[in-house]
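Survey of secondary and tertiary structure
Each chain, letter by letter, is given below.
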Amino acid sequence: MRRFAEFFSYAMHPLLLPLYGLFFIFNSNSVFSFIPPVAQNYCYVVTFICLCFLPVVTLPLFKRLRLIRNYHLSDRKERIYPVIVSIFYAFGGFYLIRHIPYTNIVQQMYLVLIIVLCGFSIVTLRWKMSMHMTAIGAVCGFLLIIGFRYFGDVRAVFMGLLCLSGILGSCRLYLKKHNPAQVYAGFVFGLSFVFAILY
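Overview of the structure. Remember, predicted model here, so these are calculated numbers, not experimental data. Each chain has its residues counted from 1, following the order in which its sequence is written. Residues qualify for local features only when their pLDDT is at least 70, as the model is predicted, and side-chain atom pairs are given and counted only at 80 or more; totals for whole chains, interfaces and linings, by contrast, use all residues. Just so you know, side-chain values use all the structure's heavy atoms and leave hydrogens and water out.

Now for helix H2 (residues 17-26). Spacing of three or four residues puts side chains on the same side of an α-helix, whose turn is 3.6 residues. To sort residues, take the accessible area from a 1.4 Å probe on protein chains only and compare it with the maximum for the residue type: under 20% means buried, over 50% means exposed, and anything in between is partly exposed. Going along the chain from the N terminus, every DSSP run of H or I of four or more residues is numbered as a helix, and every run of E of two or more is numbered as a strand. Buried residues dominate H2, accounting for eight of its 10 residues. Listing the buried residues of H2 in full gives Leu-17, Pro-18, Leu-19, Gly-21, Leu-22, Phe-24, Ile-25 and Phe-26. On its buried face, H2 is in contact with helix H3 (37-64), helix H5 (104-124), helix H6 (131-149) and helix H7 (155-174). In this description, contact between two residues means that some pair of their heavy atoms is separated by no more than 4.5 Å.

The phi dihedral of Arg-66 falls on the positive side, at around 60 degrees, and the residue is not glycine. Along the chain, the position of Arg-66 falls in the loop between H3 and helix H4 (80-97). At Tyr-102, a residue that is not glycine, the phi angle is positive and equals roughly 70 degrees. You can see Tyr-102 is positioned in the loop between H4 and H5. Take Tyr-102: its relative accessible area is 60%, and that puts it in the exposed class.

If you look at the biggest cluster of nonpolar residues, it comprises 53 residues, and the most contacted ones within it are Ile-25, Val-106, Tyr-110, Ile-136 and Phe-142. Every element with two or more residues in this core is listed here: helix H1 (2-11), H2, H3, H4, H5, H6, H7 and helix H8 (180-198). Ranked by residue count, the leading element in this core is H6, at 11 residues. Residues in contact with Phe-142, not counting those within four places in the same chain, are Ile-25, Ile-105, Gln-108, Met-109, Val-194 and Leu-198. Buried residues of nine kinds, namely Ala, Val, Leu, Ile, Met, Phe, Trp, Tyr and Cys, make up a nonpolar core once their side-chain atoms join them within 4.5 Å.

Let us now look at the packing of H2 against H5. Where H2 meets H5, the closest approach of the two axes is 11 Å, and the angle between their N-to-C directions is 150 degrees. On the basis of the axis angle, H2 is roughly antiparallel to H5. As H2 runs across H5, the sense of the crossing is right-handed. The residues of H5 that touch H2, namely those facing Pro-18, Leu-22, Ile-25 and Phe-26, are Ile-105, Val-106 and Met-109. Residues are sorted three ways: Asp, Glu, Lys and Arg are charged, Ala, Val, Leu, Ile, Met, Phe, Trp, Tyr, Cys and Pro are nonpolar, and all the rest, Gly among them, are polar. Taken together, the residues that form the contact of H2 with H5 break down as seven nonpolar, no polar and no charged. Axis definition: a line fitted to C-alpha atoms, limited for helices to the stretch in contact. Angles are taken between N-to-C directions and run from 0 to 180 degrees. Should an angle fall under 35 degrees it is taken as roughly parallel, and over 145 as roughly antiparallel, whereas 65 to 115 is taken as roughly perpendicular and any remaining angle as oblique. By convention the crossing between two helices is left-handed if the near helix lies anticlockwise of the far one by an angle smaller than a right angle, and right-handed if it lies clockwise.

What follows is the structure in C-alpha coordinates.
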(Lines give C-alpha, C1' and ligand atoms only; values in the text may rest on other atoms or scores of the structure.)
Protein backbone atom coordinates (compact mmCIF):
# COMPACT_ATOMS: atom_id res chain seq x y z
CA MET A 1 0.00 0.00 0.00
CA ARG A 2 2.83 2.37 0.80
CA ARG A 3 4.43 1.81 -2.60
CA PHE A 4 1.15 2.56 -4.33
CA ALA A 5 0.69 5.74 -2.26
CA GLU A 6 4.21 6.91 -3.14
CA PHE A 7 3.80 6.04 -6.83
CA PHE A 8 0.44 7.80 -7.05
CA SER A 9 1.82 10.87 -5.29
CA TYR A 10 4.62 11.06 -7.86
CA ALA A 11 2.23 10.46 -10.77
CA MET A 12 0.04 13.32 -9.50
CA HIS A 13 2.94 15.58 -8.57
CA PRO A 14 2.17 19.32 -8.72
CA LEU A 15 4.88 19.77 -11.35
CA LEU A 16 3.10 17.37 -13.71
CA LEU A 17 -0.46 18.62 -13.23
CA PRO A 18 -0.12 21.63 -15.59
CA LEU A 19 0.67 19.14 -18.37
CA TYR A 20 -2.44 17.16 -17.47
CA GLY A 21 -4.37 20.43 -17.46
CA LEU A 22 -3.22 21.16 -21.00
CA PHE A 23 -4.29 17.70 -22.11
CA PHE A 24 -7.76 18.27 -20.67
CA ILE A 25 -7.99 21.68 -22.37
CA PHE A 26 -7.06 20.32 -25.78
CA ASN A 27 -9.38 17.30 -25.45
CA SER A 28 -12.43 18.92 -23.84
CA ASN A 29 -14.72 18.77 -26.91
CA SER A 30 -14.80 22.57 -26.81
CA VAL A 31 -13.46 25.25 -29.16
CA PHE A 32 -9.99 24.56 -27.71
CA SER A 33 -10.00 21.12 -29.30
CA PHE A 34 -9.52 22.90 -32.64
CA ILE A 35 -6.28 24.62 -31.63
CA PRO A 36 -3.73 23.60 -34.30
CA PRO A 37 -1.55 20.64 -33.30
CA VAL A 38 1.60 22.72 -33.80
CA ALA A 39 0.41 25.25 -31.22
CA GLN A 40 -0.64 22.46 -28.86
CA ASN A 41 2.75 20.76 -29.07
CA TYR A 42 4.52 24.08 -28.54
CA CYS A 43 2.47 24.63 -25.37
CA TYR A 44 3.33 21.14 -24.14
CA VAL A 45 7.06 21.70 -24.68
CA VAL A 46 7.12 25.15 -23.06
CA THR A 47 5.07 23.91 -20.11
CA PHE A 48 7.30 20.89 -19.59
CA ILE A 49 10.47 22.99 -19.67
CA CYS A 50 9.23 25.93 -17.58
CA LEU A 51 6.97 24.20 -15.08
CA CYS A 52 8.56 20.77 -14.73
CA PHE A 53 12.18 20.54 -15.91
CA LEU A 54 13.54 23.89 -14.70
CA PRO A 55 12.02 23.70 -11.19
CA VAL A 56 13.48 20.19 -10.76
CA VAL A 57 17.01 21.11 -11.90
CA THR A 58 16.94 24.13 -9.58
CA LEU A 59 16.48 21.97 -6.46
CA PRO A 60 20.13 20.80 -6.28
CA LEU A 61 21.18 24.46 -6.22
CA PHE A 62 18.85 25.12 -3.30
CA LYS A 63 20.28 22.11 -1.50
CA ARG A 64 23.84 23.23 -2.17
CA LEU A 65 22.99 26.66 -0.76
CA ARG A 66 21.39 24.89 2.24
CA LEU A 67 18.04 26.49 1.61
CA ILE A 68 16.49 23.02 1.67
CA ARG A 69 17.63 19.88 3.50
CA ASN A 70 16.20 17.36 1.04
CA TYR A 71 14.02 17.11 -2.03
CA HIS A 72 10.87 16.10 -0.15
CA LEU A 73 10.33 19.70 1.10
CA SER A 74 8.61 18.40 4.21
CA ASP A 75 9.42 21.53 6.17
CA ARG A 76 6.96 24.36 5.57
CA LYS A 77 9.62 27.09 5.33
CA GLU A 78 11.67 25.16 2.78
CA ARG A 79 8.76 25.24 0.32
CA ILE A 80 8.90 29.02 -0.08
CA TYR A 81 12.03 29.10 -2.25
CA PRO A 82 10.95 26.52 -4.88
CA VAL A 83 7.49 28.10 -5.10
CA ILE A 84 8.92 31.60 -5.65
CA VAL A 85 11.29 30.32 -8.34
CA SER A 86 8.40 28.46 -9.98
CA ILE A 87 6.49 31.75 -10.16
CA PHE A 88 9.34 33.27 -12.18
CA TYR A 89 9.51 30.22 -14.43
CA ALA A 90 5.75 30.48 -14.98
CA PHE A 91 6.22 34.11 -16.02
CA GLY A 92 8.84 32.89 -18.49
CA GLY A 93 6.43 30.31 -19.89
CA PHE A 94 3.72 32.92 -20.26
CA TYR A 95 6.14 35.19 -22.12
CA LEU A 96 7.04 32.39 -24.56
CA ILE A 97 3.39 31.54 -25.24
CA ARG A 98 1.77 34.99 -25.30
CA HIS A 99 2.41 35.66 -29.01
CA ILE A 100 1.33 32.22 -30.23
CA PRO A 101 -2.07 32.34 -31.99
CA TYR A 102 -5.06 30.49 -30.51
CA THR A 103 -3.45 30.07 -27.08
CA ASN A 104 -5.50 32.55 -25.04
CA ILE A 105 -6.82 29.79 -22.77
CA VAL A 106 -3.28 28.56 -22.10
CA GLN A 107 -2.20 32.10 -21.29
CA GLN A 108 -5.09 32.28 -18.82
CA MET A 109 -3.90 29.03 -17.27
CA TYR A 110 -0.43 30.47 -16.77
CA LEU A 111 -1.70 33.70 -15.24
CA VAL A 112 -4.01 31.82 -12.88
CA LEU A 113 -1.17 29.48 -11.98
CA ILE A 114 0.99 32.48 -11.07
CA ILE A 115 -1.77 33.91 -8.87
CA VAL A 116 -2.40 30.56 -7.18
CA LEU A 117 1.32 30.11 -6.51
CA CYS A 118 1.50 33.60 -5.01
CA GLY A 119 -1.49 32.83 -2.78
CA PHE A 120 -0.02 29.46 -1.83
CA SER A 121 3.32 31.02 -0.88
CA ILE A 122 1.57 33.56 1.35
CA VAL A 123 -0.36 30.81 3.13
CA THR A 124 2.83 28.75 3.46
CA LEU A 125 4.48 31.58 5.39
CA ARG A 126 2.15 30.78 8.28
CA TRP A 127 0.75 27.30 7.69
CA LYS A 128 1.56 24.11 5.81
CA MET A 129 -1.03 23.32 3.14
CA SER A 130 -0.95 20.36 0.75
CA MET A 131 0.68 21.39 -2.51
CA HIS A 132 -0.55 18.21 -4.21
CA MET A 133 -4.15 18.91 -3.29
CA THR A 134 -3.88 22.60 -4.18
CA ALA A 135 -2.62 21.67 -7.63
CA ILE A 136 -5.26 19.04 -8.37
CA GLY A 137 -7.94 21.34 -6.95
CA ALA A 138 -6.79 24.06 -9.35
CA VAL A 139 -7.08 21.65 -12.30
CA CYS A 140 -10.61 20.76 -11.17
CA GLY A 141 -11.46 24.46 -11.01
CA PHE A 142 -10.09 25.00 -14.49
CA LEU A 143 -12.18 22.12 -15.83
CA LEU A 144 -15.28 23.69 -14.30
CA ILE A 145 -14.49 26.95 -16.09
CA ILE A 146 -14.14 25.15 -19.42
CA GLY A 147 -17.49 23.48 -18.81
CA PHE A 148 -19.38 26.58 -17.62
CA ARG A 149 -17.88 29.32 -19.78
CA TYR A 150 -16.80 27.49 -22.91
CA PHE A 151 -19.39 24.69 -22.95
CA GLY A 152 -16.82 21.92 -23.04
CA ASP A 153 -18.00 18.39 -22.31
CA VAL A 154 -15.91 17.81 -19.19
CA ARG A 155 -18.43 15.98 -17.00
CA ALA A 156 -16.84 12.54 -17.21
CA VAL A 157 -13.32 13.93 -16.87
CA PHE A 158 -14.32 16.12 -13.93
CA MET A 159 -15.93 13.23 -12.08
CA GLY A 160 -12.88 11.09 -12.78
CA LEU A 161 -10.60 13.84 -11.53
CA LEU A 162 -12.65 14.16 -8.35
CA CYS A 163 -12.13 10.46 -7.73
CA LEU A 164 -8.40 10.84 -8.36
CA SER A 165 -8.38 13.78 -5.95
CA GLY A 166 -9.89 11.59 -3.27
CA ILE A 167 -7.31 8.88 -3.88
CA LEU A 168 -4.50 11.44 -3.85
CA GLY A 169 -5.72 12.97 -0.61
CA SER A 170 -5.92 9.51 0.95
CA CYS A 171 -2.37 8.76 -0.20
CA ARG A 172 -1.03 11.96 1.35
CA LEU A 173 -2.77 11.11 4.61
CA TYR A 174 -1.55 7.50 4.52
CA LEU A 175 2.03 8.68 4.00
CA LYS A 176 1.53 11.09 6.91
CA LYS A 177 2.67 14.03 4.82
CA HIS A 178 -0.34 16.09 5.91
CA ASN A 179 -3.24 16.07 8.31
CA PRO A 180 -6.88 16.12 7.06
CA ALA A 181 -7.22 19.90 7.44
CA GLN A 182 -4.15 20.53 5.25
CA VAL A 183 -5.46 18.15 2.59
CA TYR A 184 -9.01 19.55 2.49
CA ALA A 185 -7.83 23.16 2.66
CA GLY A 186 -5.43 22.63 -0.24
CA PHE A 187 -8.10 21.20 -2.52
CA VAL A 188 -10.70 23.85 -1.65
CA PHE A 189 -8.10 26.61 -1.98
CA GLY A 190 -7.01 25.50 -5.45
CA LEU A 191 -10.51 24.87 -6.82
CA SER A 192 -12.19 27.98 -5.39
CA PHE A 193 -9.28 30.30 -6.20
CA VAL A 194 -9.24 29.32 -9.88
CA PHE A 195 -13.02 29.32 -10.24
CA ALA A 196 -13.37 32.72 -8.53
CA ILE A 197 -10.70 34.31 -10.73
CA LEU A 198 -11.94 33.04 -14.08
CA TYR A 199 -15.70 32.79 -13.72
